[in-house]
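Chains, contacts and geometry: an overview
This is what each chain is made of:
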Amino acid sequence: PPTRTTAGTMAGKPASFVNMQAPVGYVAGLGRGAAGFTTRSDIGPGAPAPPIGAQATLGDASNGSRSAMNRGFGRGRGAPVPVDDEPAEPPVQFDEFQGGDAGIFAKRVGEYDDDDREADAIWDSVDNHMDERRRDEREQRLKLELEKFRKDNPKITEQFADAKRKLSAVSYEEWDAIPDIGDYSIKKKKGGREFAPAPDTLLQKAIAENDRNAYDEGGGMDTGNVGVGVGGVGSNPNKRSDLTAVGEGRGAVLGLKLDSMGDSVSGQTVVDPTGYLTSLQSQKISSTAEISDVKKARLLLKSVINTNPKHAPGWIAAARLEELAGKISAARSFAQKGCDACPMNPDVWSENARLNTAEDAKAILARAVAHMPLNVDLWMHATQLEDEDDRKRQVLRKALEKIPSSVRLWKALVDLSSETDAKVLLARATECCPQHVDLWLALARLETKENARVVLNKARETLPLEPLVWIAAAKLEEANEANDATVAGDNASVDTATSDQADAKSLVGKIIERAVKSLANKGVSIDREFWLKEAETAERSGHPKTCFEIVRVTVGKNVEDEDRKRTWISDAGECIARESFHTARSIYKMCTLTFPGKKSVWIAAAELERVAGDSHAMDAVLKKAVKYCPTAVVLWLMAAKELWVRGNVHGARAVLEEAFVANPDSEDVWLAAFKLEFEQRQPERARVLLLKAREKANEAGSSVGERVYVKAAVVEREVGDLNAERAILKEGLTAHPGSDKLWLMLGQLERQA
């Protein structure tokens with residue numbers, strides 16, 4: 001039969017030790033590093049297995065079996081004494097990598113394969129992921145805590161770093177000028193040898209003793225009683241010391257010191273002897289945190305300056321930092337260094353001039369304009385430093401020699417000059433700067449009528465696309481018209497200028513028309529917003545006719561016909577909001593001329609006059625309004641009310657009479673007339689008006705409104721005729737049976753009766 005293969009067979013052949021008995025003390029797996037264990041059936045720990053051999057494993061001591069020799073077998077027959085030829089194994093140590101299992105994996109100590117490396121990498125990635133979840137928040141918190149700690153607890157080296165750096169700039173003369181302390185043993189004082197200052201009582205006693213021990217008349221000295229005065233002065237009766245005198249001397253010394261400081265101009269400010277203590281109290285005492293911030297800013301700015309010394313803003317920032325810290329000398333030093341490093345930057349020169357006194361600033365700006373003679377800002381700054389107008393004009397003339405094309409310099413010089421000199425200067429300015437319309441207009445304002453026309457014509461030839469020249473010419477013609485000189489602020493000028501065709505074709509209107517036509521032919525876009533702004537400017541300058549002509553010619557430009565009414569009313573509203581009433585009045589005038597039958601336009605124009613406060617202009621507007629819109633009852637009522645409010649009752653009655661003629665069936669007109677008479681304590685006239693209103697309605701075959709009966713009943717109640725009141729109420733209820741007010745009035749009447 002085939003041989004059965006088992007764990008104890010190899011290639012179908014049985015092993016030689018399969019059927020053999022295990023030796024004494026054999027522990028399976030001991031050779032692989034397994035640990036033995038003891039049971040109750042064992043007599044001690046397991047022993048290592050003997051070497052594999054048929055005979056040696058039986059424990060024969062003669063063959064040198066270790067197990068046999070350990071047990072002492074064969075010693076009586078001359079067996080050798082067992083000798084341990086293998087080195088003793090060291091005790092098991094704790095392994096940092098494998099932990100306490102080093103004994104089990106003793107043969108694997110020091111081996112680190114790919115699986116271990118992969119496991120460690122996985123665990124490291126897990127740890128990093130968990131750490132990154134709040135890393136930013138933790139680092140930010142730690143950073144803030146560290147900054148707060150450093151801010152609250154600055155190091156001594158940081159606080160005095162600037163003082164140490166300044167020592168590098170100390171000269172040999174300054175080192176030699178440092179006073180000597182005198183007593184070098186100040187740090188080596190022996191204990192118990194310190195002396196306290198003498199009290200005043202002791203000094204007074206010494207003075208008294210000095211009085212008793214004085215020099216004799218012959219100048220000799222009593223050697224037995226030598227008197228010593230205060231402060232090392234001998235006991236001369238003519239030279240006795242006094243504590244009051246010492247105090248006065250100290251005051252004199254302080255006064256001399258204050259006088260010397262008051263005369264000094266080395267600093268930015270001069271000490272006021274009378275307010276010295278007050279100035280000391282007003283000085284700002286910086287906190288430790290502020291000092292630390294200033295020092296950090298100094299370090300940053302120093303880095304900026306050293307990195308790029310040609311960067312002018314860095315020097316300016318450093319100077320302003322020192323100025324903020326109260327060190328004006330250091331600020332001036334930085335500003336001067338900035339001027340030396342960046343001589344072509346005007347900002348650093350202006351900063352240097354600002355930090356210095358007026359006299360020093362003049363010298364600084366003189367050097368600045370020497371480097372940059374074409375910089376207008378430096379010349380203007382130099383002009384502002386001068387106190388006298390003559391000196392200012394002198395500086396500006398020098399500036400114009402360098403920059404004759406600067407309009408800013410010309411304007412500043414003209415403002416400081418007299419009218420005669422201004423004409424000459426402006427004539428020269430228009431030659432140097434012919435493209436600036438402001439200079440032409442200023443020259444035209446200073447010239448006479450004929451010369452102004454010549455100047456404006458020349459300006460129009462030089463600047464053919466400039467509308468301001470045309471507007472200035474129109475203002476000039478308006479100002480030169482004798483009959484319009486007193487109409488600068490008269491609202492009636494608008495009516496005079498627009499109601500008449502001859503006035504519409506006046507010289508001012510012709511100039512504006514020619515201006516718009518000429519500019520349009522040259523391709524200039526007519527911007528109505530710009531022209532309306534110029535109309536407002538003309539109104540403020542006292543040229544109402546020019547204002548109206550500008551509005552008349554340009555208000556309809558670039559506006560569709562169907563949008564004219566809405567656009568013009570909107571423009572007038574904006575002008576009213578800016579209190580440009582004359583411009584708004586001109587716009588409404590053009591609107592009423594274009595749309596004379598529109599009731600809303602006339603109402604808006606009347607409201608404008610109400611806001612402007614011109615009652616006569618409002619009467620004129622309403623008079624024209626009812627002429628063009630006679631059926632507009634609201635216009636009649638507005639006209640009558642304005643007259644009544646001003647106390648012109650007869651005028652209001654006349655307007656209402658005209659309203660009766662134009663609107664005989666209007667109930668509102670009848671009620672307005674009734675109200676006028678009733679408020680004037682004329683009940684009979686009011687009763688007659690309401691009676692006529694009812695008769696007119698009956699003749700026309702129409703019913704009278706409820707309000708007529710109510711007002712008639714009120715008049716009868718006021719008069720005291722209850723029967724007439726009852727009859728009117730019943731008549732009203734017949735015409736208007738659903739009127740609640742009539743029923744209530746009738747019920748109230750019956751209750752009183």
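Nothing here was measured: the structure is a model prediction, and the numbers come from that model. (Residues numbered from 1 in each chain as written. Predicted model: local features only at pLDDT ≥ 70, side-chain atom pairs only at ≥ 80, totals over all residues. Heavy atoms only, no water.)

Notes on the environment of Asn375
This is how it is decided: Numbered from the N terminus, helices here are DSSP runs of H or I no shorter than four residues, and strands are runs of E no shorter than two. Here's how the labels work: a residue is buried when its accessible area is under 20% of the maximum for its type, exposed when over 50%, partly exposed in between, all with a 1.4 Å probe on protein chains only. The contact rule is simple, with two residues in contact once any of their heavy atoms fall within 4.5 Å. Two N or O atoms count as a polar contact when they lie within 3.5 Å, although within protein this holds only if one can serve as hydrogen donor and the other as acceptor, and sequence-adjacent residues are included solely when both atoms are side-chain atoms.
Relative to the helices and strands, Asn375 is located in the loop between helix H14 (358-371) and helix H15 (376-385). Since its relative accessible area comes to 17%, Asn375 is described here as buried. Sequence spacing of Asn375 and Lys402 is 27 residues, and the spatial spacing of their C-alpha atoms is 9.4 Å. For Asn375, the residues in contact, after removing those within four places along its chain, are Pro346 and Ile403. Among the polar contacts made by the side chain of Asn375, one reaches the main-chain amide nitrogen of Leu378 at a distance of 3.1 Å.

Describing a nonpolar patch on the surface
Just so we agree on the cut-off: Surface patches are drawn from residues lacking salt bridges whose relative accessible area is over 30%; two like charges belong together within 9 Å, two nonpolar side chains (Val, Leu, Ile, Met, Phe, Trp, Tyr) within 5 Å. Accessible areas in this description were obtained via Shrake-Rupley with a 1.4 Å probe; residue shielding takes into account the shown protein chains only. Only one rule defines a salt bridge in this text: a Lys or Arg side-chain nitrogen within 4 Å of an Asp or Glu carboxyl oxygen.
Together, Ile122, Trp123, Val126 and Met130 make up an exposed nonpolar region whose accessible area comes to about 430 Å². Relative to the elements of secondary structure, Met130 occurs in helix H2 (residues 114-132).

Observations concerning the packing of helix H20 (residues 449-462) against helix H21 (residues 467-480)
Operational definition: Axis definition: a line fit to C-alpha positions, over the contact stretch in the case of helices; interaxial angles, taken between N-to-C directions, run 0 to 180 degrees. Roughly parallel means an angle under 35 degrees; roughly antiparallel means over 145; roughly perpendicular covers 65 to 115; every other angle is labelled oblique. A clockwise turn of the near helix away from the far one marks a right-handed crossing, whereas an anticlockwise turn of less than a right angle marks a left-handed crossing. For this classification, Asp, Glu, Lys and Arg are treated as charged, while Ala, Val, Leu, Ile, Met, Phe, Trp, Tyr, Cys and Pro are nonpolar and the rest, including Gly, are polar.
Contact pair H20 / H21: the axes reach a minimum separation of 10 Å and the direction vectors enclose 165°. Relative to H21, the element H20 is oriented roughly antiparallel. As H20 runs across H21, the sense of the crossing is left-handed. In this structure, H20 uses Lys449, Ala452, Arg453, Leu456, Ala459 and Arg460 to contact H21, whose residues at the interface are Val469, Trp470, Ala472, Ala473, Leu476, Glu477 and Asn480. Among the residues making up the contact of H20 with H21, the classes are represented as eight nonpolar, one polar and four charged.

Considering the packing of helix H17 (residues 407-415) against helix H18 (residues 419-432)
It is the contact of H17 with H18, at a shortest axis distance of 9 Å, that shows an interaxial angle of 170°. In terms of orientation, H17 and H18 fall into the roughly antiparallel class. Of the residues in H18, those touching H17 at Trp410, Leu413 and Val414 are Ala422, Leu425, Leu426, Arg428, Ala429 and Cys432.

Considering the pattern of salt bridges
A complete count under the given rule lists 30 salt bridges for this structure. Of the charged contacts, one joins Glu351 and Arg320 as a salt bridge, the two residues approaching to 3.0 Å between their closest N and O atoms. Linking Glu351 in helix H13 (residues 346-355) with Arg320 in helix H11 (residues 312-324), this pair joins segments that are 31 residues apart in sequence. Overlapping salt bridges bring together Asp131, Glu132, Arg135 and Arg138 as one network.

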